[in-house]
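# Tertiary structure, described
Chain residues, written in single-letter form:
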2 protein chains.
Amino acid sequence: MDFVWKDGGVCAPKGFKASGVHCGIRKNKTKKDLALIVADKPCSAAAVYTTNKVYGAPIVVTREHLKNGLAKAVICNSGNANTCNADGVAKANAMAELVERFAGVDKNDVIVASTGVIGQVLPLEPIESGMRSLVDGLSYSGSGDAAEAIMTTDTVKKEFALSYETEGKTVTIGAMAKGSGMIHPNMATLLCFVTTDAAVSSAMLDAALREAVADTLNMVSIDGDTSTNDMLSVMASGEAGNAEITQKDESYAMFVGALTELLTKVSRGIAKDGEGATKLMECVVKGAPDKACAKRIAKSVITSSLLKAAVFASDANWGRILCAIGYAEGDFDVSKISVDISSANGSVRVCENGSGVDFSEEQATKVLDRDEFTITVNLFDGSAEATAWGCDLTYDYVKINADYRT
Amino acid sequence: MDFVWKDGGVCAPKGFKASGVHCGIRKNKTKKDLALIVADKPCSAAAVYTTNKVYGAPIVVTREHLKNGLAKAVICNSGNANTCNADGVAKANAMAELVERFAGVDKNDVIVASTGVIGQVLPLEPIESGMRSLVDGLSYSGSGDAAEAIMTTDTVKKEFALSYETEGKTVTIGAMAKGSGMIHPNMATLLCFVTTDAAVSSAMLDAALREAVADTLNMVSIDGDTSTNDMLSVMASGEAGNAEITQKDESYAMFVGALTELLTKVSRGIAKDGEGATKLMECVVKGAPDKACAKRIAKSVITSSLLKAAVFASDANWGRILCAIGYAEGDFDVSKISVDISSANGSVRVCENGSGVDFSEEQATKVLDRDEFTITVNLFDGSAEATAWGCDLTYDYVKINADYRT
């Protein structure tokens, strides 16, 4: 499909203001820690959540608020996950009430999210004292501030937007997201807030979100840990003026296509900025007997700690790719496998028919010595395909996570 | 049950000689790389293997040789896994033939194993040229040399033995093993060779091995990667003089008990010497609705990269324990969970009813600042228990695996 990338993140679609401030949950005063998105009008809305049985209090509250398929605002703090706290739900509700009090949005229309350390009591005082400046700061160009405020160990801000044309109207979808550890493909593996000016019913928004997530954010893994606070929400303002999408027709397909493009961009951004990462590792599996099998293999490859450490050193230790393929669940034939490694520096075949082939280690190292590279696995055992995204495992991953609470 | 620890490793039971030499598969001439165990008489034998669909050529050959439940020797090289090589099976067969030629053991009674880099052609020449001194070196006190020869990134040699009394006879079981990366609970997660002088039928030996492994080596994870070459074999010489164990009676139960004790020791040794590890992390799960659930939770906790990095820094970031419990598969209740951390430095409770409790961070750090510690999780949701063993994630894990082939 045709689409164009846009600036403006979650404010690129019509009808959304955003803001981000430092309120004091974090000690570092230069780091924003509280974000707000407010729509001009009530939006149809949907969300997906972590599958972790230990989940954050904000998820309890957001699930309740989205039951009617409507939302008007997102509030999100970083620095504290508000998870495993006896008073967690009360605090998450209080965050929604603060949005009602300061921004005039019905508390039941507020999506609440938190990210940070698990199991420390969330202080409400900084949030309350920061609300005035947070609300005063709301603007149609505030996406960057909000995207900054939800970052934890992320090193780069993640906001993206794209537009496509339909029925003579321009539909825009925007997103902001945070990684970058405790990420593993098991439903919405991070925080991501999507806005769009498309007119879409909440039922179709929910369906579109699930379709798009299955091939994008659920195919990202940084460290195999599925967070307790993952959430991906979408709000649709309808201000693009298209005829409302209410069934799985061509307009729906276009919307899903655009949303998938956007979330692919988010996924690659999340993976590339994984904790301590120096490289984006993409694994494309082709020729698989079915899609589920292709996905399991792709995820298994990008999840292997051994492979992740090897590619950090640009070492084409392809035996570890075969090893990771082999322990992926399922019944598939490994005897015909070929493996190619490619990047902007070229391509090299390292394995054919499940066995090693002569290749230039020098060329292989050169191929891996880029900040993005692709491992292409062909099973020659069908026609299904899947792609997964991960990153290398580095000293800095250890350092970041050994020092996380200090 | 009553038992005593013994010296002598795989040579502690009656009827087994062992040897280890440097033959030249490895460039480092000070590192032994070829091991041999030879029994005085044919033994009943059994083995378990990796579940990886990509598996080493030695496994193909060993499976074939153990079909009749008999074996008389083990040959194992380190430095090359003989996996993903087009000529792998021919080379593994050739290794068995070399044992026949030099040690007079029928090639069909030889257990063949290899460990090291995957996907590099195994050179037979060094093995052939080393066979004479390997066979000449066979002795009833050679376990240490053999145990050294199978080490890869292991930093300590792993050999253990124990004895127990039955029917007025002394039964001894010995083991040698190698870790220390590419280890994940999914069947026999490493190389381990067990010998015993017990008289046991091969059927009962196979049953006993599977029982003991389920609670020991299958509960170890270093890095989540299930190797292609894992194998755990056992040979029983019968020289202890006990009445042969041919059914699941009391003698069988004693043998399983002793084997489980021995393999628990091996498991702890493997985990503590995990690649780059500075600490043995034990997770005991109690009060679970069933054993399978207890096992999944224990394994999930010791596998979490985030937790592993935190404990490297002796940081009691217990939220990560809860997170890892929560993403363990299965339907269980997380609302009553308590978590205690203990070591030779004391104990501290960090979580009750699924929420944090006030505790002294100073005391918690002191507890974690040991080379062995235990995380005890109680679900208060039944009476099943399980234990799993892992290690911390350190800079050295990354270094070892980034540099592995250089």
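Refer to the preceding data block for the structure.
The present account deals with the structure reproduced in this document. This is a predicted model, so every value here is computed, not measured.

### Section: the relation of the copies chain B and chain A
When chain B is fitted to chain A, the best match, at an RMSD of 0.0 Å, comes from turning it 180° and sliding it 0.0 Å along the axis. The relationship between the two copies is best expressed as a two-fold rotation axis. Looking at the rotation axis and the C-alpha trace of chain B, the residue lying nearest is Tyr395 of chain B, at 2.6 Å.

### A look at the interface of chain B and chain A
In this assembly, 52 residues from chain B lie in contact with 52 residues from chain A. When chain B packs against chain A, the two sides together hide about 4,200 Å² of surface, and 58% of this comes from carbon and sulfur. At the boundary of chain B with chain A, the tally comes to zero salt bridges. Joining chain B to chain A, the criterion identifies 14 residue pairs in polar contact (both at pLDDT 80 or more). Broken down by secondary-structure element, the contributors of at least two residues to the side of chain B that touches chain A are helix H8 (305-312), helix H9 (319-326), strand E13 (355-356) and helix H11 (395-402) of chain B. If you tally residues by element for the side of chain B that touches chain A, the top one is H11 of chain B, at six residues. Its residues assigned to classes, the side of chain B that touches chain A shows 24 nonpolar, 18 polar and 10 charged.

### Examining the sheet that holds strand E14 (residues 372-378) of chain A
Residues and elements named next belong to chain A. What the six strands build is an open sheet, ordered E13-E12-E11-E14-E10-E15; its pairing is mixed. Strands at the two margins of the open sheet, each flanked by one partner only, are strand E13 (355-356) and strand E15 (384-391). Where strand E11 (residues 338-343) meets E14, six bridges bridge the pair, whose relative direction is antiparallel. What sits directly across from Ser338, in E14, is Asn378. Helix H8 (residues 305-312) rests against strand E10 (280-288), E14 and E15 of the sheet, and its axis sits at about 125° to E10.

### What about the packing of helix H1 (residues 57-65) of chain B against helix H2 (residues 88-103) of chain B?
Residues and elements named next belong to chain B. Running from N to C, H1 and H2 point in directions that differ by 55°, and their axes come no closer than 8 Å. Judged by the inter-axis angle, H1 sits oblique to H2. For the pair H1 and H2, the crossing hand works out as right-handed. Together, Ala57, Pro58, Val60, Val61 and His65 of H1 and Gly88, Val89, Ala92, Asn93 and Ala96 of H2 make up the contact between the two elements. Split by residue class, the contact of H1 with H2 holds seven nonpolar, three polar and no charged.

The rules behind these values
- Residues numbered from 1 in each chain as written.
- Chains lettered and ligands numbered in written order.
- Predicted model: local features only at pLDDT ≥ 70, side-chain atom pairs only at ≥ 80, totals over all residues.
- Heavy atoms only, no water.
- Least-squares fit on C-alpha atoms with pLDDT ≥ 70 in both.
- Contact = heavy atoms within 4.5 Å.
- Buried area = accessible area lost by both parts, 1.4 Å probe.
- Salt bridge = Lys/Arg side-chain N within 4 Å of Asp/Glu carboxyl O.
- Polar contact = N/O pair within 3.5 Å; in protein donor to acceptor, adjacent residues only side chain to side chain.
- Helix = DSSP H or I, 4+ residues; strand = E, 2+ residues; numbered from the N terminus.
- Nonpolar A, V, L, I, M, F, W, Y, C, P; charged D, E, K, R; others polar.
- Pairing = 2+ DSSP bridges.
- Axes fitted to C-alpha atoms, helices over the stretch in contact; angles between N-to-C directions.
- Parallel < 35°, antiparallel > 145°, perpendicular 65-115°, else oblique.
- Left-handed = near helix turned anticlockwise from the far one by under 90°.

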